[in-house]
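# Chain and residue survey
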2 protein chains.
Amino acid sequence: MSQEKNTDEVFSATVTAPVNIAVIKYWGKRDTALNLPTNSSFSVTLSQDDLCTRTTASCSRSYAHDSLELNDAPCPLSARYLACLAELRALRRALEQADPTLPELAALPLRIASRNNFPTASGLASSASGFAALVRAVADLYALPASPTELSRIARVGSGSASRSLFGGYAGWARGQRADGADSEAYAAFPASHWPEMRMLVLVTRDRKKDVSSTAGMQVTVATSDLFWHRADKIVPERMRRMEEAVRDRDFAAFGALAMRDSNSFHALCLDSVPPIFYMDDASRAAVAVVGRINEAAGEVVAAYSFDAGPNAVIFYLHGNRNRVAGVFRSILGETPGWDGERGKKIEPSVLDINEGTVSTLQSRVKRVILTAVGEGPVSVEVKGPNGVAGSKH
Amino acid sequence: MSQEKNTDEVFSATVTAPVNIAVIKYWGKRDTALNLPTNSSFSVTLSQDDLCTRTTASCSRSYAHDSLELNDAPCPLSARYLACLAELRALRRALEQADPTLPELAALPLRIASRNNFPTASGLASSASGFAALVRAVADLYALPASPTELSRIARVGSGSASRSLFGGYAGWARGQRADGADSEAYAAFPASHWPEMRMLVLVTRDRKKDVSSTAGMQVTVATSDLFWHRADKIVPERMRRMEEAVRDRDFAAFGALAMRDSNSFHALCLDSVPPIFYMDDASRAAVAVVGRINEAAGEVVAAYSFDAGPNAVIFYLHGNRNRVAGVFRSILGETPGWDGERGKKIEPSVLDINEGTVSTLQSRVKRVILTAVGEGPVSVEVKGPNGVAGSKH
C-alpha cells in the first residue's frame, strides 16, 4: 500500500453496551444542558445476552458529513449527540497533537450505526445503552486512553442514565457538586461477579399510554413538586449509603426493601407534580400486589419491584428464589410470551393464592415477559484501524 | 301527669349532619386515642339536600343499656362511640349538678339511631356526618350550651373529620399543640353564604377494591413514609393560609389549584408508604385527565379534583361553569345514573375532544354520579323533652 492517503479508507469500532435499571432513581436535573442530576443514583446492569445496544462508529474521508442511524433508520444528530461527539473529538485531537504520527481521525466525518437487540416497545429505556455504546464505540475508534469513569461523564451529557451503562454489575452515579459537571460521574460500585445471582423479570404491558417523557417529566417535578427537594437532599444520600451496604453484604432483603421504597418515592414525586404525572397504572399496581403476596408467603423480602418512567414492572430476585418469585408470575402469565428461552426453562410455575382481580389485570395487560440477570459492562467487539493503529480491543 | 317518675318516659332529639370533603387533607394522627392530627385541614361542607346522616338520640329509664343502630342494624358501641358519649354525659352531669331542678338525663341509658340518606357504597365517608350527627343529637337531647367548636372536639374523638362536619360552608380544623387536644378543634372559616356557588360532582366507581381503611392507612404513612413529616410540618401550614385566602377572595383558580395539589400530595404520601397504599386507580386517573382537558380548554382552572381514601373523584366547580365542567362529564357519562335530579336538570352536555381510552375507562368504571353543592351545618330537627325542659330547637 502506498503512503498516499487512501480516501476511501474506513476506520471503525463496534461495541455492545447494556441497559441498566436504577434502584435508587435519577429524577431531576440541576443543569439540563450537562445532565447534572439533583441526586445520586444507583443501578443494576442488565445482561447483554438479553438486552443490549450494538453500535458501530466509523470515520472516513469518503463520508460527506457526520451521520446517525438508529435501528436502520437515519436519524438527525440532535444537540446531545453533537455534544458527545465534540467531546470525544477534542480528546482525539489532543492525542493527535501530542503524537503527530497518529492518523488524523478527529477531522474525519463520523458515521454512527446503532441497533437494539430488544424492541423499543419493551418500555426499557434504550437511551442509556444507546449513549453508552456510542461513547464507547467512538472512544475505541479513536483509541482514547479514557477510563470508563471519564467516558461516563461524556455519556452523561447524552443521557444521564447512560453514565451508569459504562459499567457492569452494580453501578453508582455521583451527583457531584461542581457546576461544570467534572465530578458528576458514574463508578463501578461492585462487579457482577460480586453478586451474580441477581435476576430480573420484566413485565411488559400492552396499550401503553403516551407517557410524559422522562426528560420533560423530571423537570416538571423539579419545578412544581413541594416534596421534590426533600427527597433529593434529605432522603437519597442516606439511601445511597444503605443501598451500597446492601449490595456489599449481598443482603437481598435490604436491597429489595430499599429498591421498592425508592421506586415508590420517585412515583410519589411524579404524582406530587403539577400537573400530576402517572407512570404506574392498574397493571403496575397488580404487579406490586403480587410481589407483596410473594414476600408475605416467603416471610421475607425475596422479590422487589422497581418502575421507571412507565408502567412496566422490573422484578428483582435471586436465582435461588426463581421458582417462588418468577414461578408465581409464570403461574399467572404462563400463556404470555417470553418464558421459552434458556432462562425460562429453569423456572417452574408456583401457585399462590392471589386476588382474582389482580390475576385478571395482569393477564389482560401484560403482553410479554423478559427474563434477565445482572451482567457486564460494554464490550469491544471489533476495531478496524489503519494497521491496528487507530485502536485495539480493550 | 303525676310528679312520680314515669319510667317509660322517652326524651329524644333528632338532627341531621352533613358530609364534608377536605381540600387540605387530614392524614396522620399524633395521638390515635384522641384523634389529634399531625396537620391542620380544611373542608367544604356538602349540602344535606343530597347527602346527610339523620340521627335520633334518646334516653329513657326504660332502656336496658346504651345502644346504637346504624341504618336499622344494631351495631356495637365501639370505644370511639363510648368516648364521645362519656364526654357528653359529663357535660350534662355538670349542668344537673349546677341546677338540681333539671331532669337527671345523664344517668339514663342512651339509644342512638342513625341513618344515612346516601348509600354506603357511594364511597363517601359516613363517619364524619355520623359522629357529627351523634354528638349534636346528644348535645340537643342534653340541652348542652356547648358551641359547635366545643362539640367539634368531642366529635373529633369519634372521627377526626367529623370535627369539621359540625360546621356548614368552609370549615377548618386546627392541628393544635396541646397533648390533651383542647386546642385541636374545628372552626367556621366562612359560611356557605359567603361563596354559595360552589358545586361538586362525585364520580362513584364500580368494582371498588378493598381499600386500606383511612385509620389504618394514615398510621402506616406516619410510621413509614420518608416524605410524611415534610408535608405535615413544612407544606400544609402555608397551604392552609393560602386556601383560606382563596376562599375569602372567592378565587376559584387558587382554590382549585391548591385542592388538586393537596390531594395529589396526600396520595403521594400514600404511595411513599411501606407497603405502598394506592387509593387512586385508572378510573381516578381518567377523571384527572378530563379535569386537565377542561381547564386547558377553558384557559384557566374552572374544575378541580380531590380524592379521599378511595378511587372516587370529587370535582369542584362554580355554578356558572356547570356546563363546561359537569357538562363535559355528562357528555361522557350521560348513560350513568345520577343526572336526573333537580341539579342535573340544569346541566347541559358539553363535548370536548377527550382521549378515547380515558372516555372508555370512565364509561366502564363509573357506576353513578352525585351532584351536590356547598351546604349548611347540622340541623336540629326535633327535641322531645319533659315539657321542653330537656332541650330546645337550636
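Structure: above.
A brief report on the enclosed structure follows.

Conventions used here
- Residues numbered from 1 in each chain as written.
- Chains lettered and ligands numbered in written order.
- Predicted model: local features only at pLDDT ≥ 70, side-chain atom pairs only at ≥ 80, totals over all residues.
- Heavy atoms only, no water.
- Helix = DSSP H or I, 4+ residues; strand = E, 2+ residues; numbered from the N terminus.
- Expected span 1.5 Å × (residues − 1).
- Buried < 20%, exposed > 50% of the residue type's maximum accessible area, 1.4 Å probe, protein only.
- Salt bridge = Lys/Arg side-chain N within 4 Å of Asp/Glu carboxyl O.
- Pairing = 2+ DSSP bridges.
- Axes fitted to C-alpha atoms, helices over the stretch in contact; angles between N-to-C directions.
- Contact = heavy atoms within 4.5 Å.
- Buried area = accessible area lost by both parts, 1.4 Å probe.
- Polar contact = N/O pair within 3.5 Å; in protein donor to acceptor, adjacent residues only side chain to side chain.
- Nonpolar A, V, L, I, M, F, W, Y, C, P; charged D, E, K, R; others polar.
- Disulfide = S-S within 2.5 Å.

### Quick look at helix H5 (residues 228-248) of chain B
All names here are of chain B. An ideal rise of 1.5 Å per residue puts 30 Å on 21 residues; H5 measures up with 28 Å between its terminal C-alpha atoms. Every buried residue of H5 is listed here: Phe228, His230, Arg231, Ala232, Ile235, Val236, Arg239, Met240, Met243, Ala246 and Val247. The positive-phi residue at the C-terminal boundary of H5 is arginine 250, with phi of around 50 degrees.

### Remarks on the pattern of salt bridges
Should the charged atoms of two oppositely charged side chains come close, the side chains can pair. Residue and element names in this part refer to chain A. One pass over the full model with this rule turns up 40 salt bridges over all chains. We note a salt bridge from lysine 25 to aspartate 308, for which the minimum N-O separation is 2.5 Å. Of this pair, lysine 25 sits in the loop between strand E2 (20-24) and strand E3 (29-31) while aspartate 308 sits in the loop between strand E13 (304-307) and strand E14 (313-318); the two residues are 283 residues apart in sequence, bridging distant segments of the chain. The class for aspartate 308 is partly exposed, based on a relative accessible area of 31%.

### What to know about unusual backbone geometry
Residues and elements named next belong to chain A. Note that the residue after valine 274, namely proline 275, is joined by a cis bond; omega there is -5 degrees. Note on placement: proline 275 falls in the loop between helix H6 (252-271) and helix H7 (282-298). For aspartate 72, which is not glycine, the phi dihedral falls at a positive 75 degrees. Mapped onto the fold, aspartate 72 is located in the loop between strand E7 (67-70) and strand E8 (73-75).

### Things to note about the sheet that holds E8 of chain A
Residues and elements named next belong to chain A. One open sheet accounts for six strands, arranged E8-E7-E9-E6-E1-E16; its pairing is mixed. Two strands bound the open sheet, and with one partner strand each, they are E8 and strand E16 (379-384). With strand direction ignored, the average angle separating the axes of adjacent strands in the sheet is 20 degrees. Along the sheet, helix H2 (residues 126-141) makes contact with strand E1 (10-18), strand E6 (52-60), strand E9 (110-116) and E16, crossing E1 at roughly 145 degrees.

### Brief notes about the interface of chain A and chain B
With 28 residues of chain A in contact, the opposing surface of chain B contributes 28 residues. Around 2,300 Å² of area is buried between chain A and chain B when both sides are counted, 60% of it from carbon and sulfur atoms. The largest contributions to the chain A side of the interface with chain B come from Leu227, Arg261 and Arg285 of chain A, which together make up 25% of the buried area. Our count for the chain A to chain B interface comes out at six salt bridges. Aspartate 226 of chain A is paired through a salt bridge with arginine 239 of chain B; the nearest N and O atoms lie 2.7 Å apart. One can count 14 residue pairs in polar contact (both at pLDDT 80 or more) joining chain A with chain B. Those elements giving two or more residues to the side of chain A that touches chain B turn out to be helix H5 (228-248), H6 and H7 of chain A. At seven residues, H6 of chain A tops the list of elements feeding residues into the side of chain A that touches chain B. Split into classes, the residues belonging to the side of chain A that touches chain B amount to 11 nonpolar, seven polar and 10 charged.

### As for the state of the cysteines
Summed over the entire model, instances satisfying the criterion amount to zero disulfides over all chains. Of the cysteine sulfurs around cysteine 270 of chain A, a residue in no disulfide, the closest is that of cysteine 270 of chain B, at 16 Å. The class of cysteine 270 of chain A is buried, set by a relative accessible area of 0%.

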